[in-house]
Amino acid sequence: MLFDDSDIKIFSDSDTPAEVSNEVAVIAEMTKHRSNGNILKAKQLGKHLAEIFVDEPSLLSQLEAEVGEIKRDEDDMYHIKVLLVFTAEYCINRFLPATLLSNTAVNALYDTVIKKAAEFYDRLDDAAEYSFYYLAVRKAVEISKNIGVSFAMLCGEGKNEYYTNLGKRLFEVAEHEIEKIINSYNFEK
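(A) Structural context of unusual backbone geometry. The residue A140 is not glycine, and still its phi comes out positive at about 60°. The residue N186 is not glycine, and still its phi comes out positive at about 50°.

This is the structure in C-alpha cells:
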C-alpha cells in the first residue's frame, strides 16, 4: 500500500534557517512536555477546573464559605461562572510554565465545559464579558478592584457596592484557589 505524503510538510527547501530553528524548538518543547508528563497534567488541570465550575451546588457552597451569601438567581449565577472561568484562564496563563501547557489546559477546560454545560458555553461564546475583564487585568493596577467594578457593571448593578465587592472577592478567592490547584499538579519547568 502506498501513502501519499504530499500534504505532509516537515521542512521544505524554501524554509529559512530561522523558520527551521523555530519549528525544531517547538517540536523539542512538545517532546519535553509530553515526556515529562506536563501535557497530560495540563489536560487534567483544565478538565478538573471545568468540572468545579459546572457543579453549581458544590461551587456555591465553596464560594459562600469564602465570600458570604450569594444571590442565587440565574443571571447572577451566569455572571459568577463567567468570572470564574475567566479567572481560571487568567491563572492558567499566568502560572503554568509554558504557553504550550497553558493552551492545552485552556482547551481542555473549554472542551469539558462544552460537554458538561453546553448551554452555558453557548451563551459565554456569544458574550462580550471577557473583554471587560481583560481590560480590567490590562490596567495592571488594582486588578481585583477593577474586576469587581466590571462584575457589577456586567450584572447590571453599576456602582452597587455589594456587587463590586462580590466580584472583587470572587476573583481574589478563585485566583488563590486556582493557583493552589495548579501548584498541586507539580508541573516541571
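(B) Just the pattern of salt bridges, in detail. Taken as a whole and assessed by the stated rule, the structure comprises eight salt bridges. E142 serves as the salt-bridge partner of K145, at 3.8 Å between the closest nitrogen and oxygen. Overall, the relative accessible area of 41% leaves K145 in the partly exposed class. We classify E142 as exposed; its relative accessible area is 52%. Close ionic contact of K180 with E177 constitutes a salt bridge, the shortest N to O distance being 3.4 Å. Within this pair, K180 and its partner E177 are both found in helix α9 (residues 161-184), separated by three residues, close to a single helical turn. One salt-bridge network, held together by shared partners, links K168, R169 and E172.

(C) Examining the environment of P97 more closely. Here P97 shows up in the loop between α4 (74-95) and α5 (99-116). Measuring from C-alpha to C-alpha, the distance between P97 and N38 comes to 9.5 Å, with 59 residues separating the pair along the chain. Aside from chain neighbours lying at most four places away, what touches P97 is F187, E188 and K189.

Reading the values: rules and limits
- Residues numbered from 1 in each chain as written.
- Predicted model: local features only at pLDDT ≥ 70, side-chain atom pairs only at ≥ 80, totals over all residues.
- Heavy atoms only, no water.
- Salt bridge = Lys/Arg side-chain N within 4 Å of Asp/Glu carboxyl O.
- Buried < 20%, exposed > 50% of the residue type's maximum accessible area, 1.4 Å probe, protein only.
- Helix = DSSP H or I, 4+ residues; strand = E, 2+ residues; numbered from the N terminus.
- Contact = heavy atoms within 4.5 Å.

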